[in-house]
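Residue-level structural notes
Take a look at the letters that make up each chain.
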Amino acid sequence: MNRLLTYLFRTALAAILAFITLPLVVVVAASFSPTSAVTFLPSEWTLQWYAALWDSRWLDPFLLSVELAVIVSLASGLLGVLGAYSVAYAKCPGHTAIMALLLSPMSVPQIVKGVAVVLFLSSIGLYDLLGTPGLVMAHIILTLPYVVRMAATAMFGFDKRLDRAARILGASVTQRIRYVLLPLIRSGLFSGMTFAFIISFNNIPLSVFLVRPGQTTLPITVINHLEYSLDPVLAAVNVASLLFILGAIILFEKIGGFSAQFHGGSK
Amino acid sequence: MTTIDIELLSVSKQFGANRIVDDISLAIPKGKFVSILGPSGCGKTTTLNMIAGFEAPSSGQIRIRGRDQEGVPPEARKIGLVFQNYALFPHMTVAQNVGFGLKMQGRPREEIADGVSRALKSVHLEGFEDRYPKELSGGQQQRVAVARAIAPSPSVLLLDEPLSNLDLKLREAMRVELKEIQEDLGMTFIYVTHDQEEAMAMSDRIIVMQGGVVAQEGAPADIYGSPRTSFVADFIGKSNILPASAEPGADRNLKVSLGAGKAVLTAARGDDVAPDNVRFCCIRPEAVRLAEAAGALDEPANRLTGTVQKVVNLGAYIEAWMLVDGGITLKSMIRSTRLEKLSAGCRVDLAIAHSAVQLLEQ
Ligand SMILES: Nc1ncnc2c1ncn2[C@@H]1O[C@H](COP(=O)(O)OP(=O)(O)OP(=O)(O)O)[C@@H](O)[C@H]1O
Ligand SMILES: [Mg+2]
């Protein structure tokens, strides 16, 4: 009976994994196909589409997306820690209301947020901010709730007696944050920042309102390209971004160690 | 002359409408081991937290090394604190934990390393520098917590039930060690516990707390030998506590009536209690002796006969409940060499020294 359950469980797991990864396999295969039609299992293999990526047409949007994702994840990380600290840790007056406010962008559709940012910027006459500055702002609004949520969860789990212990040993508030609080919430913070990075890098619905000619993110460039042709260069773009994001996750993981077995638990 | 390290002047603490600590005044002499002893919820931790600066007193003053501490945050008080759950930093090695205080003071690297190895040496934990707390046993974590607190050499160390998470054997070993550490360093220890044996074993002075006030303060032997209230008598050690009244008797002694006058004992007159105020009488079980025992009748004593009701063998001692004349039951502690003489139902002659009959007002 037990064995049957284990067997069923494993089959289900394999099915889910296949369901998630098979489309990727198709895309990867297509990116090596010499014909411009997307085919599964091409008879010949070529790297020509990857070579085509080395062109400012793709490189510029890629660099903009990277710049955006880096700025957005760092800024969300910083703001997220400050927000989570005052809300979840220091429990400032009205902390539940502030928490709700910080998380509220999550419940607004991205299209609505995009329109709202454009309308806001133009109504206060800062139309010039469309493009990179607007993208940065909008992406921060989009990703901040994730970082706040993760950092706050980590801070709720933080044993405040550790703060007292550090305090009686003479640590000032900045020393306590630096040496005790931050290292202990680091994994939560970094997983939040990883989310922010990926969400920003892949975003379409919000970016579409804010890009300008010459300042276009990679996903938007892909969408634009898609309007005219469906050729394997798109598959190559997707595979390249996939690899890039994997690399970014590994890097964040190296610094933040959010999945590593943590040297922890005083009990 | 003794200097006073920590002084509480009429300190009270109120949480909402509840007065948790009520007008406590204490003077803790430098270099002494002082225990704050009391049942759960009597305000021990609250008192400690006020000394450490985590809670501000609602009224009264706390002085450390002669200075009023109002408005001084914990990080500036230069005292050590050992937490009940140890509160070790899980992401730091033993050495980093122990060196934390010195590092926060901005000491140079060599000095920190020096302080760490000295502190680890005094808790007998050399060689554990690179372990993480979760790789240590409870007793070892306890030692790290003590080492971390003493490494910056505070003049006072506060300990909040530091041994309560350890098993009995380890607890008894750690008592001895803590006392040795305290004597070696000459540090003032304020030790909070609800375990009277622990307090008796280690302290130079014991402060017994009850419901937010100090019930009695003194050397362990004084508190054990002459408890001032029935609460203290009951809390410290075992005792027979009986409602009683007293009147002056012969030879400057007092006549004590127990059990509504059915039994009368003679008590040596103490100076502190007026006969009219006597409400209770306390007799320690080891003072209820067999009359034939050597030395039992060396000093003036009450003689009683009784019937053994129940005997419990505790190894070195036996505990026996005796029903004596007047229908009163007394608990007695007797060396177990006399075990063969005692079994339920047999008659015994008992002796209770006049001086062992203690009179209490409340
Ligand atoms: N921050 C607080 N707010 C309200 N009540 C509190 C607070 N801290 C403590 N108390 C109350 O004060 C009383 C004394 O608490 P305290 O922790 O000082 O007791 P204790 O003597 O240390 O007991 P224990 O031996 O169980 O640790 C308890 O009834 C507790 O509920
Ligand atoms: Mg307590």
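Above this text is the structure in question.
Residues numbered from 1 in each chain as written. Chains lettered and ligands numbered in written order. Predicted model: local features only at pLDDT ≥ 70, side-chain atom pairs only at ≥ 80, totals over all residues. Heavy atoms only, no water.

Along the backbone of chain A there are 10 helices and 0 strands. Counting from the amino terminus, helix and strand elements in chain A follow one another as α-α-α-α-α-α-α-α-α-α. Reported as C-alpha extents along the three principal axes, the dimensions of chain A are approximately 70 × 70 × 30 Å. A buried classification covers 40% of the 267 residues belonging to chain A. Relative to all contacts within chain A whose residues are 6 or more apart in sequence, the contacts with residues 24 or more apart total 72%. Working note: accessible area of chain A is about 14700 Å², and carbon and sulfur atoms make up 71% of it. (Helix = DSSP H or I, 4+ residues; strand = E, 2+ residues; numbered from the N terminus. Buried < 20%, exposed > 50% of the residue type's maximum accessible area, 1.4 Å probe, protein only. Contact = heavy atoms within 4.5 Å. Areas by Shrake-Rupley, 256 points an atom, 1.4 Å probe, with all protein chains shown as cover.)

Once that is clear, we can look at the overall build of chain B. Helix and strand content of chain B: 8 helices and 20 strands. The principal-axis extents of the C-alpha atoms in chain B amount to approximately 75 × 45 × 40 Å. In chain B, which comprises 362 residues, the share counted as buried stands at 50%. Sequence separation of at least 24 residues holds for 65% of the intrachain contacts in chain B that already meet a minimum separation of 6. If you sum the accessible surface of chain B, you get close to 16200 Å²; carbon and sulfur atoms cover 48% of it. Of the side-chain charges in chain B, 40 are positive and 44 negative, and the distance between the mean point of each set is 1 Å. (Lys, Arg positive; Asp, Glu negative; His and termini not counted. Charge placed at Lys NZ, Arg CZ, Asp CG, Glu CD.)

Turning next to empty space enclosed by the protein. Residue and element names in this part refer to chain B. All chains considered together, the criterion is met by 1 cavity of 30 Å³ or more. The computed volume of the largest cavity comes to approximately 30 Å³. Looking at the largest cavity, the residues that line it are Leu258, Ala263, Leu265, Leu304, Val324, Asp325, Ile328 and Leu330. For the lining of the largest cavity, the secondary-structure elements that each account for two or more residues are β13 (263-267) and β18 (328-335). (1 Å grid on protein atoms, 1.4 Å probe; cavity = no way out; pocket = protein on both sides within 12 Å on 5 of 7 lines; lining within 4 Å. Points joined across faces, edges and corners; volume = space filled by probe spheres on them.)

Let us look at the pairing of strand β14 (residues 280-283) of chain B. Looking at chain direction, strand β11 (residues 240-248) of chain B and β14(B) are connected through 4 bridges and run antiparallel. Looking at β14(B), one finds that B:Pro243 is bridged to B:Phe280. (Pairing = 2+ DSSP bridges.)

Our focus in this paragraph is the interface of chain A and chain B. Opposite the 24 residues of chain A that make contact, chain B presents 28 residues. Carbon and sulfur atoms supply 63% of the area that chain A and chain B bury against each other, a total of about 2500 Å² over both sides. For the interface between chain A and chain B, the tally reads 2 salt bridges. Linking B:Glu75 and A:Arg167 is a salt bridge whose minimum nitrogen-to-oxygen distance equals 2.6 Å. Connecting chain A to chain B are 3 residue pairs in polar contact (both at pLDDT 80 or more). (Buried area = accessible area lost by both parts, 1.4 Å probe. Salt bridge = Lys/Arg side-chain N within 4 Å of Asp/Glu carboxyl O. Polar contact = N/O pair within 3.5 Å; in protein donor to acceptor, adjacent residues only side chain to side chain.)

Moving on, we get to the nonpolar core. Grouped together as the largest cluster of nonpolar side chains are 76 residues, with contacts concentrated most on A:Val180, B:Phe89, B:Phe100, B:Leu158 and B:Ile190. Take this core: its biggest share by element is 11 residues, from helix α8 (residues 173-202) of chain A. Setting aside chain neighbours within four positions, we find B:Ile190 in contact with B:Ile6, B:Ile28, B:Val34, B:Ile36, B:Leu48, B:Ile51, B:Val156, B:Leu157, B:Leu158 and B:Leu159. Membership of the second largest hydrophobic core comes to 34 residues, among which are B:Ala244, B:Cys281, B:Val348 and B:Ala356. (Core = buried A, V, L, I, M, F, W, Y, C linked by side-chain atoms within 4.5 Å.)

Turning to the site of ligand 1, a few remarks are in order. All names here are of chain B. Around ligand 1 sit Phe15, Ile20, Ser40, Gly41, Cys42, Gly43, Lys44, Thr45, Thr46, Glu161 and His194, and that is every residue in its neighbourhood. Contact distances for ligand 1 include 3.0 Å between an oxygen atom and a backbone N or O atom of glycine 43. The contact in question runs from an oxygen atom of ligand 1 to an N or O atom on the side chain of threonine 46, over 2.5 Å. At 3 residues, the largest contribution of residues to the shell around ligand 1 is made by helix α1 (residues 44-52). (Near = heavy atom within 4 Å.)

This brings us to the packing of helix α3 (residues 56-89) of chain A against helix α6 (residues 132-156) of chain A. Residues and elements named next belong to chain A. Put simply, α3 and α6 touch, their axes get as near as 6 Å, and they point 40° apart. On the basis of the axis angle, α3 is oblique to α6. In this structure, α3 meets α6 at a crossing whose hand is right-handed. Across the contact of α3 with α6, the residue classes break down as 21 nonpolar, 6 polar and 1 charged. (Axes fitted to C-alpha atoms, helices over the stretch in contact; angles between N-to-C directions. Parallel < 35°, antiparallel > 145°, perpendicular 65-115°, else oblique. Left-handed = near helix turned anticlockwise from the far one by under 90°. Nonpolar A, V, L, I, M, F, W, Y, C, P; charged D, E, K, R; others polar.)

This next bit is on helix α4 (residues 138-150) of chain B. Relative to the 18 Å expected for 13 residues at 1.5 Å per residue, α4(B) spans 19 Å between its end C-alpha atoms, a close match to the ideal helical length. Among the 13 residues of α4(B), 11 are classified as buried, and the element is accordingly described as predominantly covered. At its buried positions, α4(B) is contacted by α7 (160-168) of chain A together with β6 (80-82), α2 (94-104), α3 (109-122), β7 (156-160) and α5 (168-185) of chain B. (Expected span 1.5 Å × (residues − 1).)

Okay, the sheet that holds strand β16 (residues 301-313) of chain B next. Within the open sheet, the 5 strands sit side by side as β15-β19-β16-β17-β18 (chain B). Their pairing is antiparallel. The two strands at the open ends of the sheet, each matched to only one other strand, are β15 (289-290) and β18 of chain B.

Further remarks concern a positive patch on the surface. Residue and element names in this part refer to chain B. Together, Lys30, Arg65, Arg67 and Lys78 make up a region of like positive charge exposed at the surface. In this fold, lysine 78 is placed in the loop between β5 (67-68) and β6. Lysine 78 sits in the exposed class, given a relative accessible area of 59%. (Patch = residues over 30% accessible without salt bridge, like charges linked within 9 Å, V, L, I, M, F, W, Y side chains within 5 Å.)

Remark: the centre distance and the inter-plane angle together describe each pair of aromatic rings, the angle taken between the planes. Tallied over the entire structure, the rule returns 17 aromatic pairs over all chains. Here the aromatic rings of A:Phe32 and A:Trp45 are separated by 5.7 Å at their centres, their planes lie at 50°, and the arrangement is tilted. One end of the pair, A:Phe32, is in the loop between α1 (2-31) and α2 (48-53); the other, A:Trp45, is in the loop between α1 and α2, and 13 residues separate them in sequence. Here the aromatic residues A:Phe62, A:Phe190, A:Phe197, A:Phe201, A:Phe244 and A:Phe252 are joined through ring pairs into a cluster of three or more. In this structure, A:Lys160 is placed above the aromatic ring of A:Tyr89, and the distance from its NZ or CZ to the ring centre is 4.9 Å. Seen from the ring of B:Tyr224, B:Arg284 lies directly overhead, with NZ or CZ sitting 4.1 Å from the centre. (Phe/Tyr/Trp six-rings, centres within 6.5 Å; stacked < 30°, edge-to-face > 60°. Lys NZ or Arg CZ within 6 Å of the ring centre and 35° of its normal.)

Quick look at the sheet that holds β13(B) now. Residue and element names in this part refer to chain B. With antiparallel pairing, the 5 strands of this open sheet are ordered in space as β13-β12-β11-β14-β20. The sheet is open, and its two edges are formed by β13 and β20 (358-360), each paired on a single side. Adjacent strand axes in the sheet meet at a mean angle of 45° when their direction is disregarded. Pairing between β14 and β20: 3 bridges, direction antiparallel. Considered in β20, the bridge of cysteine 282 is made with glutamine 358.

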